[in-house]
Amino acid sequence: MKSAKEKILIVEDERDIRHALQYNLKREGYDVVCASDGKAALAAFQKSKPDFVILDIMLPHVDGLEVLRQIRRESSTPVLILTAKTKEMDRILGLRLGADDYMVKPFSVGELIARIQGILRRASVVSDGAADGQLTIGSMQVDWARYDVAISGHPAQLTPKEFALLKLLIDAKGKVLSREHILESVWGHDKQSQLDTRTVDQHIARLRRKLKGERERIATVATAGYKFVSTPLKP
Ligand code: CA
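Attention here is on the structure that accompanies the text.

For Asp-101, the location among the structural elements is in strand β5 (residues 101–105). Asp-101 gets classed as buried once you look at its relative accessible area, which sits at 4%. Within the structure, the side chain of Asp-101 is placed 3.0 Å from the side chain of Arg-115, a separation counted as a polar contact.

Set out below in structure tokens:
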């Protein structure tokens, strides 16, 4: 468990929403930092190093998707995006760019807080439960405690979801996991009605790209799901 208060960056140009979120998150005991446009968001992210980011997509100057892209270049901090009801593409693109979750406006602040708590809890379960050191498989080094995956010494920069996905597969020790099982385990109580097994496939595809030369360790088992291969790969 973290001893310090967790810090949340709220990026939202609509003043009423920003203030409501700020008020409620502070009341829940979080440290809160706010930004009202994309440029300010990137500056605040660098400066305050938040544990969580709530990111509106429609923003002045630099839009939320670009902010997300820039955050993901250097960090796996959990990000939840806020999108308008009609902007299905924003949602899909946001998840593809590595957002951990999304909420459609108008949303309930209570539900948003529950989602944040869930994501932060899962992130800490992954790191707490795995505090027992390091693992090397081929050119991949995993440091469970530090939440770190490197390929030939280069950081793979996994998002928390990708990390959780990799851990789930490695922990299964070669057992085939169905897409449904993966969805349930990694996404938990997120709105499953709006996520489906294609989400799993998209995240697997991204994870494989980041694993570079070790990508074949995540094997597709026709119609059944995915498994992790820890034996030496064929050259
Ligand atoms: Ca907006």
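Turning our eyes to something else, we now look at unusual backbone geometry. Residue Lys-105 is joined to Pro-106 through a cis peptide bond whose omega torsion reads -5°. Positionally, Pro-106 belongs in the loop between β5 and α5 (109–129). The backbone of Lys-49 shows a phi angle near 40°, a positive value even though the residue is not glycine. Structurally, Lys-49 can be placed in the loop between α2 (38–48) and β3 (52–56). Judged by its relative accessible area of 59%, Lys-49 falls in the exposed class. Phi is positive for Ser-152, which is not a glycine, with a value near 50°. When you line up the elements, Ser-152 lands in the loop between β8 (148–151) and β9 (154–155).

Calculation rules
Residues numbered from 1 in each chain as written. Predicted model: local features only at pLDDT ≥ 70, side-chain atom pairs only at ≥ 80, totals over all residues. Heavy atoms only, no water. Helix = DSSP H or I, 4+ residues; strand = E, 2+ residues; numbered from the N terminus. Buried < 20%, exposed > 50% of the residue type's maximum accessible area, 1.4 Å probe, protein only. Polar contact = N/O pair within 3.5 Å; in protein donor to acceptor, adjacent residues only side chain to side chain.

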